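Remarks on the overall topology
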Amino acid sequence: QVQFVESGGGLVQPGGSLRLSCAASGFTFSTYTMGWYRQAPGKERELVAGITSGDGSTNYADSVKGRFTISRDNAKNTVYLQMNNLKPEDTAVYYCNAHKKSSRGILYDFWGQGTQVTVSS
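Reference entry: report on the structure contained in this document. From a predicted model like this one, the values you see are computed outputs, not experimental measurements.

Rules used in this analysis
Residues numbered from 1 in each chain as written. Predicted model: local features only at pLDDT ≥ 70, side-chain atom pairs only at ≥ 80, totals over all residues. Heavy atoms only, no water. Helix = DSSP H or I, 4+ residues; strand = E, 2+ residues; numbered from the N terminus. Rg over C-alpha atoms; globule rule 2.2 N^0.38 Å. Buried < 20%, exposed > 50% of the residue type's maximum accessible area, 1.4 Å probe, protein only. Core = buried A, V, L, I, M, F, W, Y, C linked by side-chain atoms within 4.5 Å. Salt bridge = Lys/Arg side-chain N within 4 Å of Asp/Glu carboxyl O. Phe/Tyr/Trp six-rings, centres within 6.5 Å; stacked < 30°, edge-to-face > 60°.

Secondary structure assignment for the protein yields zero helices and 11 strands. Helices and strands appear in the protein in the N-to-C order β-β-β-β-β-β-β-β-β-β-β. Taken over the C-alpha trace, the protein has a radius of gyration of 14 Å; the compact-globule value for 121 residues is 14 Å, and the two agree within 12%. Oriented by its inertia axes, the alpha-carbon framework of the protein measures out at about 50 × 25 × 25 Å. Burial analysis of the protein (121 residues in total) assigns 38% to the buried set.

Before going further, it helps to spend a moment on the environment of Cys-96. Assignment of secondary structure puts Cys-96 in strand S9 (residues 92-101). Between the alpha carbons of Cys-96 and Phe-4 there is a distance of 7.8 Å; along the sequence they are 92 residues apart.

What follows is about the nonpolar core. If you look at the biggest cluster of nonpolar residues, it comprises 29 residues, and the most contacted ones within it are Met-34, Trp-36, Val-79, Leu-81, Met-83 and Tyr-94. Only strand S3 (18-25), strand S4 (33-39), strand S5 (46-51), strand S7 (68-73), strand S8 (78-83), S9 and strand S11 (115-119) provide two or more residues apiece to this core.

Pairing is possible between side chains that carry opposite charge, provided their charged atoms lie close to one another. In the structure shown here, the tally under the stated rule is four salt bridges. The salt bridge involving Glu-46 is made with Arg-38; its shortest N-O contact spans 2.7 Å. The partly exposed category is assigned to Glu-46, whose relative accessible area is 35%. Asp-62 serves as the salt-bridge partner of Lys-65, at 3.1 Å between the closest nitrogen and oxygen. Assigned by exposure class, Lys-65 and Asp-62 land together as exposed.

Tallied over the entire structure, the rule returns six aromatic pairs. Plain terms: the ring middles of Phe-4 and Phe-27 are 5.8 Å apart, the flat faces sit at 50° to each other, and that makes the pair tilted. In this pair, Phe-4 is assigned in strand S1 (residues 3-7) and Phe-27 in the loop between S3 and S4, connecting sequence segments 23 residues apart. Look at Tyr-37 and Trp-111: their rings are 4.9 Å apart centre to centre, the planes differ by 65°, and that puts the pair in the edge-to-face class. In this pair, Tyr-37 is assigned in strand S4 and Trp-111 in strand S10 (residues 107-111), connecting sequence segments 74 residues apart. Owing to a relative accessible area of 19%, Tyr-37 belongs among the buried residues under this scheme. Judged by relative accessible area, which is 34%, Trp-111 ranks as partly exposed. Taken together, the aromatic side chains of Phe-4, Phe-27, Phe-29, Tyr-32 and Phe-110 make up a single cluster linked through ring pairs.

Below, the structure written as structure tokens:
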């Protein structure tokens with residue numbers, strides 16, 4: 001059974017920092033691309049950052065480049081999102097995601113329950 005335990009969200013002032021964690025179980029974590037998505041009220045869910053399996057290549061939304069850092073610890077089955085210099089527009093529910101496509105072309109796509117991040121003075 002696939003499970004995610006997301007933590008680290010909360011209320012922070014503009015310019016502050018938060019570190020999100022997502023501990024996963026129930027699948028072979030090291031073989032999955034991991035990502036963080038977010039969804040603000042009235043908006044579509046968007047990719048914030050992703051990190052591949054294998055070489056751990058990363059990609060970021062333009063709006064968070066230079067401020068957010070995604071990392072993974074395969075020994076702990078955990079992916080992190082370090083968020084610095086937070087802005088009010090970063091306010092959203094943040095979701096952990098794991099996905100991969102098998103050699104047969106089957107897409108495996110798993111989502112966490114989400115954690116609220118609120119940036120406000």
